[in-house]
Amino acid sequence: MPSTLTEATDPYCLREGESAALLAGHPWRRFVVLGDSVAEGMCEPVDGYPPVQWADRIAAELRAAHPGLAYLNLGRRGLRAHEVRAAQLDAALAFDPDLALVVCGGNDAFRPAFDPDAVDAELAEMIGALRDAGADVVTVGMFDVSHSPAVPAPLRSGLSERMRRLSSHTGRLAARLRTVHVHLTDHPAGAEASLYSSDGRHGSARSDAIAAAETVRRLGAHLAARRAPRP
């Protein structure tokens, strides 16, 4: 069912001036994105929401606070975690980023034989290499796409279990490796049909707007914590 909201009235999207306040004086100058179709951006249109994908939205908000920001999106649809690492990590490091978004594992989780430990190992290698190169890293617990009306009912339970296992593993990895983690899996809008595309695998322009808002808020919280005086 289509949303009756617009981005301006959606309670989960950025409010006017919110991003500017959160990101004022941010230190990032080179932003790179690694991942699968979530990183590349599918962004199925939804009335009332500009068709701007998630990573592009984040880059735009960062660039509004610092117009000289360089941005490279390496995301490509259909890739599993090991393929993202093999195809994109070297190029990401060569870009010399100081901020990186790493989002993958969803294509692994769509498979009944999903191995979360194998995805953890690939994510850990990418995060470690990017951190060692001096970049802050953003990781994501993705929306639970099993809520999409386009997912056949008999498949929803198994898909939800795998997506949530991926999310919980990524969250634990993020805590251990100290990433800026954006947890979307239990977002209060997560069960709303308007978040999902008609293919049963991806999000809509509304989900991209909400994901971007949550990412900007987490980056803002990270900056505030970094700037807070130590006791």
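Here is what the cut-offs are and how they apply
- All residue numbers refer to position in the chain's written sequence, counted from 1.
- Given that the model is predicted, a residue must reach a pLDDT of at least 70 before its local features are reported, and side-chain atom pairs must reach 80 or more before they are shown or counted; all residues, however, enter totals for whole chains, interfaces and linings.
- Hydrogens and water molecules were not included; the side-chain quantities draw on all heavy atoms of the structure.
- Throughout this description, the term salt bridge denotes a Lys or Arg side-chain nitrogen within 4 Å of a carboxyl oxygen of Asp or Glu.
- Numbering goes from the N terminus for both helices and strands, where a helix is a DSSP run of H or I of at least four residues and a strand is a run of E of at least two.
- Two aromatic rings, drawn from Phe, Tyr or Trp (for Trp, its six-membered ring), form a pair once their centres lie within 6.5 Å of each other, and the interplanar angle then sorts them: stacked below 30 degrees, edge-to-face above 60, tilted otherwise.
- Three exposure classes are used, based on accessible area relative to the maximum for each residue type with a 1.4 Å probe and protein chains only: buried under 20%, partly exposed in between, and exposed over 50%.
- Put simply, a nonpolar core is a bunch of buried Ala, Val, Leu, Ile, Met, Phe, Trp, Tyr and Cys residues held in one set by side-chain atoms that sit within 4.5 Å of each other.
- In this description, contact between two residues means that some pair of their heavy atoms is separated by no more than 4.5 Å.

A. Seen up close, the pattern of salt bridges. As enumerated under the stated definition, the model contains 13 salt bridges in all. The salt bridge partner of Arg77 is Glu40, with a shortest N-O separation of 2.9 Å. Here Glu40 lies in helix H2 (residues 37–40) and Arg77 lies in the loop between strand S2 (70–73) and helix H4 (81–94), a separation of 37 residues in the sequence. A salt bridge links Glu122 to Arg85, with the nearest nitrogen and oxygen atoms 2.8 Å apart. In this pair, Glu122 is assigned in helix H6 (residues 116–132) and Arg85 in helix H4, connecting sequence segments 37 residues apart. When salt bridges that share partners are traced, they join Asp10, Glu192 and Arg206 into one network.

B. Structural view of the packing of aromatic side chains. On inspection of all chains with the given rule, the structure shows one aromatic pair. Ring geometry for Phe31 versus Tyr71: centroids 5.5 Å apart, planes at 15°, classification stacked. Taken together, the residues span a long stretch of sequence, with Phe31 in strand S1 (residues 30–35) and Tyr71 in strand S2 at a distance of 40 residues. With relative accessibility at 1%, the residue Phe31 sits in the buried group.

C. Looking closely at unusual backbone geometry. Even without a glycine there, the phi angle at Asp96 is positive, about 60°. Checked against the element boundaries, Asp96 lands in the loop between H4 and strand S3 (99–103). Although it is not a glycine, Arg178 sits at a positive phi angle of roughly 60°. Following the sequence through the fold, Arg178 ends up in the loop between helix H7 (153–177) and strand S5 (180–183). The exposure class assigned to Arg178 is exposed, which follows from its relative accessible area of 71%.

D. Broad picture of the nonpolar core. One finds Phe31, Leu34, Leu62, Leu101, Leu130 and Leu219 to be the most contacted residues of the largest nonpolar core, which totals 65 residues. For this core, the element with the highest residue contribution is helix H8 (residues 205–227), accounting for nine residues. Those residues in contact with Leu101 that sit more than four places away from it in its chain are Phe31, Val32, Val33, Leu34, Trp54, Ala55, Ile58, Val138 and Val140.

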